[in-house]
Amino acid sequence: MDANSFRTVIGLEVHVQLNTESKMFCSCSSGYADSEPNTLVCPVCLGMPGVLPVVNRIAVENTLLTGLALGCQIASESKFDRKNYAYPDLMKWYQISQYDMPLCGRGSLKISLDDRDKQIGITRVHLEEDTAKMIHGESKVGHKISLIDANRSGVPLMEIVSDPDMTSPEEARAYLTTLRNILLYLDVSTANMQDGAFRCDANISVWPVGIDTGDVKVEIKNMNSFRAVFKALAFEEERQSEVWVKTGQPPEQETRGWVEASGETVSQRSKEYAHDYRYFPEPDLPPLKVTDQLISSLRNAMPELPDSIYKRLIEHCELRSSDALQLIDDRPLLLFFDEAVNEYAQPQRLANWMLNNFVQELRDSETDLASNPVTPQRFVELLQLEDDGHINSKMTAELLRRMVTSGKSAKELVAETGGQITDDDELQKMVAKIIKDNPQAVADFRAGKKQAAGFLVGQVMKATKGRANPGMVNKRIGKELGL
Amino acid sequence: MLDRDTVNHVAQLAYLALDDEESSEMRLQLAQILDLFESLSLLQTDQVEPTARVIPLELPLRDDEVKPSLSQDQVLQNAPRIEDGHIVVPAVLTDS
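All figures in this text were calculated on a predicted structure; none of them were measured in a lab.

### Overview of the overall build of chain A
- Looking only at helices and strands, chain A features 15 helices and 16 strands.
- Its C-alpha atoms give chain A a radius of gyration of 30 Å, clearly above 23 Å, the size a compact globule of 483 residues would have.
- For chain A, buried positions account for 35% of its 483 residues.
- Considering only contacts in chain A between residues 6 or more positions apart, those separated by 24 or more positions represent 70%.

If you want it as structure tokens, here you go:
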């Protein structure tokens, strides 16, 4: 068996923290990010005996919205179940989850890779609760301990399970980025992987071509970035093929953890017997009826999604495909573009200035779209100044830089420094002066060094701080040199 | 009759350490409970919609509003050990 005679099967499980103010089953704040430990908890999310969970309406609606966006079958009746396991991060020793009646059933997600589209099946989307955060460390006297902060306990968590439809790490990455963009445009989650708002576990198995795919698979955990997912899957693809080559047998079914530092997956074999979650219907929560009315109101509230945004940018704005994708990948930038393009008739020119200069200026000034003073209206005003001949493109770039740092508008800045110089007499005087001050360059030109003309143009531009009309200066210099 | 392995498995899931005598006793008691539930299968349910509940209630939904939580002192008052506002538990196996 050689490396080319294998095929890879990948399925992904994604856990997404939902954008809600309060937790899944109680009214504690779900904003645990910068909180003091154990300050956002109540008897419900601490799992005290006798408390009753009450379901957060927005969490349900966000899950349904996601299901609709993924074309899932929406359950008319759904229920919650208890998933039992004993671990200190689970305050009740059971997690309220959904077992056999999830809110959303089968759907699909279209990914694009190398200009080729592929549908990835969605198995289900269900709702559950997050667990407490654990910190592993040592006590002051050196004993190994674990510290529990229950603030995250009970934060709404949506699980999206894909079919094992992906055949390469590249497809898995495309699936994740496409899914994340949809969640961002739905505004149901921050989908930030570093913050733990978007977590991914992967199932992967590698099979020799010609042998029926079995159900043995390896689960990979501990991947904290899209890059980590990609690298872990690529590593595992290689490792499993090697096992086949060496042993002629499928790799052992197990859970493996990605270790970022060493760039490999390692077995997480534990002495614990196989999981026995003993799911049963949550007795404290009656079944959830999803009415047609709710579904149609969610459908009406559905925002524009990446797929149709892409179509709009290509068909109506006639943007280059790469520019359209770059805008979609940065939602604040797209919203800025959309607002600006309403008032500006040259979408591609707008995109060019945004994606090249503006993005760079923001990066250089260590600011971002939200906190810098340039509004879409001001951006359009700047481009129009150039369109109307008041400034040249060099000045546009310079003004944009100063707009970002000074907070002034292009018009205000032009009023301070003056606009483009297009006055024939004025330009003639400057050109004459430059010719007079640079006899060597003139001599060079006459001796056949044609680039000396460019130098002289540059001197005029420099003397006018870039404000001279470059085309006119070019012409004048040429005339003076007898071209 | 419930076999001994099943009893031990259930005990393990519940983190209970049973000696042989206790295990035998539990086996008997659990078997009786299961028998009792088995009697439910005598009921004719062909015409009854499957349900997980016997009380016809619909799920009430809550508006997404934050209400005050407990104070940290209240949260930690039953914790056997505390460190820097955290509940301390014996080290559990970590992933690494």
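### A closer look at the pairing of strand β3 (residues 86-90) of chain B
- Sheet topology places strand β9 (residues 144-149) of chain A next to β3(B); four bridges connect them, and they run antiparallel. Residue I148(A) lies in a different strand from β3(B), and its bridge partner there is I87(B).
- Pairing analysis gives two bridges linking strand β2 (residues 82-83) of chain B to β3(B), with the strands arranged antiparallel. Opposite E83(B), over in β3(B), you have H86(B) as the bridge partner.
- Counting the residues in the hairpin turn of β2(B) and β3(B) gives two residues, including D84(B), whose phi is positive at 50°.

### Here we look at the sheet that holds strand β4 (residues 81-84) of chain A
Residue and element names in this part refer to chain A.
- Reading across the sheet, the three strands line up as β5-β4-β15 and stay open at both edges, with antiparallel pairing between neighbours. Of all strands in the sheet, those with a lone pairing partner are β5 (94-97) and β15 (280-281), marking the two edges.
- Across two bridges, β4 lies against β15 in antiparallel orientation. Across the sheet, the residue bridging to R82 is F280, located in β15.

### Focus on the sheet that holds strand β1 (residues 6-17) of chain A
Residues and elements named next belong to chain A.
- Pairing within the open sheet is mixed, and its eight strands lie in the order β6-β7-β10-β1-β11-β12-β13-β14. One side of each edge strand has no neighbouring strand; the edge strands of this open sheet are β6 (107-113) and β14 (264-267). Ignoring which end each strand starts from, the neighbouring axes of this sheet average 30° apart.
- For β1 and strand β11 (residues 198-208), the ladder comprises eleven bridges, and the chain directions are antiparallel. Bridge pairing in β11 places R7 opposite W207.
- Along the sheet face, helix α1 (residues 57-69) touches β6, β7 (116-129) and β10 (156-162) and points at about 165° away from the line of β7.
- Set on the sheet, helix α2 (residues 169-186) makes contact with β1, β6, β7, β10 and β11; between it and β6 the angle comes to about 115°.

### A look at the domain arrangement of chain A
Residues and elements named next belong to chain A.
- Annotation of chain A at the domain level lists domain 1 (3-294), domain 2 (304-417) and domain 3 (424-480).
- In this structure, domain 2 and domain 3 have C-alpha centres spaced 33 Å apart.
- Across the contact, four residues belong to domain 2 and four residues belong to domain 3.
- Here the residues of the side of domain 2 that touches domain 3 sort into one nonpolar, one polar and two charged.

About the thresholds
Residues numbered from 1 in each chain as written. Chains lettered and ligands numbered in written order. Predicted model: local features only at pLDDT ≥ 70, side-chain atom pairs only at ≥ 80, totals over all residues. Helix = DSSP H or I, 4+ residues; strand = E, 2+ residues; numbered from the N terminus. Rg over C-alpha atoms; globule rule 2.2 N^0.38 Å. Buried ≥ 20, exposed ≤ 12 C-beta atoms within 10 Å, placed from the backbone. Contact = placed C-beta atoms within 7 Å. Pairing = 2+ DSSP bridges. Axes fitted to C-alpha atoms, helices over the stretch in contact; angles between N-to-C directions. Domains from an automatic or database assignment. Nonpolar A, V, L, I, M, F, W, Y, C, P; charged D, E, K, R; others polar.

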